[in-house]
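Notes for the structure review
Below, each chain spelled out in residue letters.
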Amino acid sequence: QLQLVESGGGLVQPGGSLRLSCAASGFTLDYYIISWFRQAPGKEREGVSCISSSGGRTNYADSVKGRFTISRDNAKNTVYLQMNSLKSEDTAVYYCAAVRNPFRLCSPPNWGHPFDYWGQGTQVTVSS
């Protein structure tokens, strides 16, 4: 079946790093915008970052700018989110989403919404 699978979440101390992966199964990500979202307990889902199909354009939420880096490796059919200098405020379930639309913008506030596919999410917990 066509799906996105996130991985790489876990428990880290403040200041630590994690790299999340978003891998496609059953289709290629070559022509898809990929966006990362997160949702913390009691809070609304928020956009984190997105990357164009070519990888030439990236966007970040102000809260993660300078700490997170999104990238893609189309040969591996995978998009990554490198998270450095993690804070407790980064604790959330992180989701990736994909949309194939050459005219869609992945910039805020919609980050590419609506999407064709969503991953199941991976938990990131930042705590001492």
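Every value quoted in this text rests on a predicted model; they were computed, and no experiment measured them. (Residues numbered from 1 in each chain as written. Predicted model: local features only at pLDDT ≥ 70, side-chain atom pairs only at ≥ 80, totals over all residues. Heavy atoms only, no water.)

Re the pairing of strand β1 (residues 3–7)
In the case of a regular strand, side chains alternate between the two sheet surfaces. The criterion, for reference: Relative accessibility under 20% of the residue-type maximum defines a buried residue, over 50% an exposed one, and the middle range a partly exposed one, all with a 1.4 Å probe and only protein chains included. Counting from the N terminus, the helices are DSSP H or I runs at least four residues long and the strands are E runs at least two residues long. By definition, two strands form a pair when at least two bridges between them are found by DSSP.
Only one face of β1 is buried: it carries Leu4 and Glu6, and the other face, with Gln3, Val5 and Ser7, is open. In this sheet, strand β3 (residues 18–25) lies alongside β1 in antiparallel orientation, the contact comprising five bridges. Within β3, the residue paired with Gln3 across the bridge is Ser25.

So, unusual backbone geometry
Put simply, Pro108 and Pro109 share a cis peptide bond, and its omega is 5°. Here Pro109 shows up in the loop between β9 (92–99) and β10 (117–118). Put simply, His113 and Pro114 share a cis peptide bond, and its omega is 0°. Relative to the assigned elements, Pro114 resides in the loop between β9 and β10. Positive phi outside glycine occurs at Ser85, with the angle close to 50°.

Regarding the state of the cysteines
Quick note on the threshold: Here, two cysteine sulfur atoms that lie within 2.5 Å of each other are counted as a disulfide.
Going through the model one piece at a time under the given rule, you end up with two disulfides. Two residues share a disulfide in this structure: Cys22 and Cys96, whose sulfurs sit 2.1 Å from each other. Between Cys22 and Cys96, the disulfide has an S-S torsion of 75° and is therefore right-handed. Of this pair, Cys22 sits in strand β3 while Cys96 sits in strand β9, and the two are 74 residues apart along the sequence.

Notes on the nonpolar core
Here is the rule: Buried Ala, Val, Leu, Ile, Met, Phe, Trp, Tyr and Cys residues form a nonpolar core when they are joined through side-chain atoms within 4.5 Å.
Membership of the largest hydrophobic core comes to 38 residues, with the highest contact counts inside it found for Trp36 and Tyr94. The set of elements that each furnish at least two residues to this core consists of β3, β4 (33–39), β5 (46–51), β7 (68–73), β8 (78–83), β9 and β11 (122–126). Ranked by residues supplied to this core, first place goes to β9 with six residues.

Focus on the packing of aromatic side chains
Let me state the cut-off plainly: Here a Phe, Tyr or Trp ring, Trp counted by its six-membered ring, pairs with any other such ring whose centre lies within 6.5 Å, and the pair is stacked when the planes are under 30 degrees apart, edge-to-face when over 60, and tilted otherwise.
Tallied over the entire structure, the rule returns six aromatic pairs. Relative to Phe115, the ring of Phe37 lies with its centre 5.5 Å away and its plane at 85°, an arrangement referred to as edge-to-face. Taken together, the residues span a long stretch of sequence, with Phe37 in strand β4 and Phe115 in the loop between β9 and β10 at a distance of 78 residues. Note on Phe37 and Trp118: the rings are 5.1 Å apart at their centroids and 45° apart in plane angle, and the pair reads as tilted. Of this pair, Phe37 sits in strand β4 while Trp118 sits in strand β10, and the two are 81 residues apart along the sequence. Judged by relative accessible area, which is 5%, Phe37 ranks as buried.

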